[in-house]
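Results of the structural survey
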Amino acid sequence: MTATRVSVIGASGRMGGEVCRAVQAADGLELVGRFDVGDDLGDLGGAEVVVEFSVPDASPANVRHCVEQGVHVVVGTTGWSSARLDELRARLTEHPEVGVLVAPNFAIGAVLMMRFAQLAARFYESVEVVELHHPDKVDAPSGTAARTASLIAAARADAGLGAVPDATTTDPDGARGADVDGVRVHAVRLRGLVAHQEVLFGAEGEQLTLRHDSFDRVSFMPGVLAGVRAVGGHPGLTVGLEHVLDLG
Ligand SMILES: NC(=O)C1=CN([C@@H]2O[C@H](COP(=O)(O)OP(=O)(O)OC[C@H]3O[C@@H](n4cnc5c(N)ncnc54)[C@H](OP(=O)(O)O)[C@@H]3O)[C@@H](O)[C@H]2O)C=CC1
Ligand SMILES: O=C(O)C1=N[C@H](C(=O)O)C[C@H](O)C1
């Protein structure tokens, strides 16, 4: 059986470097290209699948280039707003054979945490999300936290829950965090951390805390490799690793 040819965009970065090592060590995959800022993406090194971990402002153009080359893409970069996703979905209709998987988090535990949060959401009056990351991260809140909050908000709406209770009327410095679809999200940046998140659910007399920790970027690799192996079989746009893991 011939190996699947894989290229990495953002290959000099923290995640891109880890992905290059994981692809080189994986059965049935061959690393054929490493691209970073300023490189001509050209024919993407002859790749069949590209893994894209760059920066939010660059990711849409990189993905567009891959799609126009007819190459499947696994995207881990954050910043994929619904407007950006809609534009990508529309572009993919012109390339119906191409699959793009966009996932805010490739750690299996983080995907499960999001699913558990969705399940728990309807039972609790209060909920807040706290994401904690290394201080070199450029975006806040994290893509994972934003998606978690949106999923919780949708589950609350489906269950007919109203607004989360909060008597705050004075908060000039944003101490209550970001408001993502009505769910408060707090971002911590601390040297020594990698990627962590807590979802706090509260009801009268009880609290449920869901927590996930990525202590090392190797935690993202099984999910990335699963995405690389699956994306060609999922034409069009897929958002979230849960669909590849059969949790969708
Ligand atoms: N989905 C997931 O599971 C995960 C997602 N992420 C996300 O992945 C992204 C990358 O994170 P991380 O690896 O830590 O970041 P890094 O800053 O370490 O890596 C990003 C790399 O992309 C390069 N880059 C900048 N612009 C371009 C461009 N136009 N084309 C190609 N490459 C470019 C950067 O170069 P330079 O430094 O010279 O600018 C850098 O080498 C972030 O959005 C992060 O949130 C991170 C971990 C897990
Ligand atoms: O920048 C990071 O490090 C991470 N980014 C992703 C996010 O914003 O959710 C995934 C993970 O949290 C690590």
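Conventions and cut-offs
- Residues numbered from 1 in each chain as written.
- Chains lettered and ligands numbered in written order.
- Predicted model: local features only at pLDDT ≥ 70, side-chain atom pairs only at ≥ 80, totals over all residues.
- UniProt positions renumbered as here; feature names shortened; annotations may be inferred.
- Buried ≥ 20, exposed ≤ 12 C-beta atoms within 10 Å, placed from the backbone.
- Helix = DSSP H or I, 4+ residues; strand = E, 2+ residues; numbered from the N terminus.
- Pairing = 2+ DSSP bridges.
- Axes fitted to C-alpha atoms, helices over the stretch in contact; angles between N-to-C directions.
- Contact = placed C-beta atoms within 7 Å.
- Near = placed C-beta within 6 Å.
- Nonpolar A, V, L, I, M, F, W, Y, C, P; charged D, E, K, R; others polar.
- Left-handed = near helix turned anticlockwise from the far one by under 90°.

- By the naming in an unreviewed UniProt entry, the protein chain is 4-hydroxy-tetrahydrodipicolinate reductase, taken from Angustibacter luteus.
- The UniProt entry for the protein chain carries the following comment under Pathway (unreviewed entry): "Amino-acid biosynthesis; L-lysine biosynthesis via DAP pathway; (S)-tetrahydrodipicolinate from L-aspartate: step 4/4."
- Checking UniProt for the protein chain, the heading Function (unreviewed entry) contains the comment "Catalyzes the conversion of 4-hydroxy-tetrahydrodipicolinate (HTPA) to tetrahydrodipicolinate."

**Some words on the pairing of strand E6 (residues 126–133)**
- The alternating pattern of E6 places Val127, Val129, Glu131 and His133 on a buried face, while none of Ser126, Glu128, Val130 and Leu132, on the opposite face, is buried.
- Judged from the eight bridges that link them, E6 and strand E9 (residues 195–203) form a sheet pairing that is antiparallel. Residue glutamate 128 lies in a different strand from E9, and its bridge partner there is leucine 200.

**A closer look at the sheet that holds strand E11 (residues 236–239)**
- An order of E2-E1-E3-E4-E5-E11 is seen for the six strands of this open sheet, with the pairing classed as parallel. If you trace the sheet from one side to the other, it starts and ends with strand E2 (29–35) and E11, each paired once. Pairs of neighbouring strands in the sheet enclose a mean axial angle of 20 degrees, with direction left out of account.
- Most of the contacts of helix H3 (residues 82–92) go to E11, to which it runs at about 150 degrees, and overall it touches strand E5 (99–102) and E11.

**Thoughts on the site of ligand 1**
- Around ligand 1, the structure places 24 residues, and the nearest of them are Gly10, Gly13, Met15, Ala58 and Gly76.
- Looking at which element gives the most residues to the shell around ligand 1, the answer is helix H1 (residues 14–25), with three residues.
- Of the residues that constitute the shell around ligand 1, the class distribution is eleven nonpolar, eleven polar and two charged.

**Overview of the sheet that holds E6**
- In space, the five strands of this open sheet follow the order E7-E8-E6-E9-E10, with mixed pairing throughout. Looking at which strands have only one partner, the edges of the open sheet turn out to be strand E7 (178–180) and strand E10 (206–214). Averaged over all adjacent pairs, the angle separating strand axes in this sheet is 25 degrees, with direction ignored.
- Relative to E10, E9 runs antiparallel, the two sharing nine bridges. In the sheet register, valine 199 faces E10, and the bridge partner there is leucine 210.

**Observations regarding the UniProt feature "active site" (unreviewed entry) in the protein chain**
- The feature "active site" (unreviewed entry), as given by UniProt, occupies His133 and Lys137 in the numbering adopted here.
- Counting through the fold element by element, histidine 133 comes out in strand E6.
- Setting aside residues no more than four positions away along its own chain, histidine 133 makes contact with Ser142, Arg189, Leu193 and Ala195.
- As for its placement among the helices and strands, lysine 137 is situated in the loop between E6 and helix H5 (143–158).

**So, the packing of H1 against helix H6 (residues 221–230)**
- As a packed pair, H1 and H6 sit with axes 10 Å apart at the nearest point and diverge in direction by 65 degrees. Regarding H1 and H6, the two cross each other, and that crossing is right-handed. The residues of H6 that touch H1, namely those facing Glu18, Val19 and Ala22, are Met221, Val224 and Leu225.
- Broken down by class, the residue content of the contact of H1 with H6 amounts to five nonpolar, no polar and one charged.

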